[in-house]
Amino acid sequence: PERVRYVGNVMIDSLVEQLPAARSLGMADRSGVRPGAYAVVTLHRPSNVDDAAVLARLLKVLVQISQRTPLLFPIHPRTASRIAAAGLEDLLADSAITTIPPQGYLEMLGLMKDARVVLTDSGGIQEETTALGVPCIKLRENTERPITASQGTNTVVGTDVDQILACYEDVMKTG
């Protein structure tokens, strides 16, 4: 016991250290949206992007959400190729979803910290949003970081449209 030290979480320690640099990037302003008035979405898990039906369902619900809240979508190259292969580009074109190239760590941190909500299938992002105090809607059936759900900052909804929309509505009702 005398050799055991509490040292924290390296990922969150890095986030805290880099947050001032992320603030100076102004990613939201460059994307044409106001801080606190947009959502960020990431999709890359094979379970969400490799099945064209699941991908279409997720994109359709994101289009619905974008009618109320502009969405910034740093799109992973693999996800972009799956969208193209499934012929779903028109869904994004006719929406308030702004696709942007993949972002570096500081840029993503800047986007997340100013977002009203983040919708993601990423394990790391759900942990980062918890540290940032930004609501996260987890677009998977499970989570690798259950404490984020038990702390109430992350809600695991899977790919069910009704659950995604209900969770989004709950987030939007809370200040």
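Our subject is the structure that appears above.
First things first, this report covers the structure right here in the doc. (Residues numbered from 1 in each chain as written. Predicted model: local features only at pLDDT ≥ 70, side-chain atom pairs only at ≥ 80, totals over all residues. Heavy atoms only, no water.)

1. Section: the pairing of strand E2 (residues 71–74)
Move 1: Here E2 shows a buried face lined by Leu 71 and Phe 73 and a second buried face lined by Leu 72 and Pro 74.
Move 2: Sheet topology note: the E2/strand E3 (residues 97–100) ladder contains 4 bridges and is parallel. Across the sheet, the residue bridging to Leu 71 is Ile 97, located in E3. (Buried < 20%, exposed > 50% of the residue type's maximum accessible area, 1.4 Å probe, protein only. Helix = DSSP H or I, 4+ residues; strand = E, 2+ residues; numbered from the N terminus. Pairing = 2+ DSSP bridges.)

2. Observations concerning the pattern of salt bridges
Move 1: Scanning all chains against the criterion turns up 8 salt bridges.
Move 2: Of the charged contacts in the structure, one is a salt bridge between Arg 78 and Asp 50, with a shortest N-O distance of 2.6 Å. In this pair, Arg 78 sits in helix H5 (residues 77–85) while Asp 50 sits in the loop between helix H3 (46–49) and helix H4 (52–66), placing the two residues 28 residues apart along the sequence.
Move 3: Residue Asp 50 is classed as partly exposed on the basis of its relative accessible area of 38%. (Salt bridge = Lys/Arg side-chain N within 4 Å of Asp/Glu carboxyl O.)

3. Digging into helix H8 (residues 123–132)
Move 1: The buried fraction of H8 is high, at 7 of 10 residues.
Move 2: Capping the start of H8, Ser 122 holds a side-chain oxygen 3.3 Å from the backbone nitrogen of Gly 124, two or three residues further along.
Move 3: After H8 finishes, the residue Gly 133 shows a positive phi value of roughly 75°. (Polar contact = N/O pair within 3.5 Å; in protein donor to acceptor, adjacent residues only side chain to side chain.)

4. Section: the packing of helix H7 (residues 105–113) against H8
Move 1: In contact at an axis separation of 10 Å, H7 and H8 are set at 55° when each is read in the N-to-C sense. The angle between H7 and H8 falls in the class oblique. Like other packed secondary-structure pairs, H7 and H8 cross with a definite hand, here right-handed. Counting all contacts with H7, which are made through Tyr 105, Met 108, Leu 109, Met 112 and Lys 113, the residues of H8 involved are Ile 125, Glu 128, Thr 129 and Leu 132.
Move 2: Here the contact of H7 with H8 is composed, by residue class, of 6 nonpolar, 1 polar and 2 charged. (Axes fitted to C-alpha atoms, helices over the stretch in contact; angles between N-to-C directions. Parallel < 35°, antiparallel > 145°, perpendicular 65-115°, else oblique. Left-handed = near helix turned anticlockwise from the far one by under 90°. Contact = heavy atoms within 4.5 Å. Nonpolar A, V, L, I, M, F, W, Y, C, P; charged D, E, K, R; others polar.)

5. Points about the pairing of strand E1 (residues 39–42)
Move 1: Taking every second residue as pointing to the same face, both faces of E1 are buried, with Ala 39 and Val 41 on one and Val 40 and Thr 42 on the other.
Move 2: For E1 and E2, the ladder comprises 2 bridges, and the chain directions are parallel. In the strand pairing of E2, Ala 39 is matched with Leu 71.

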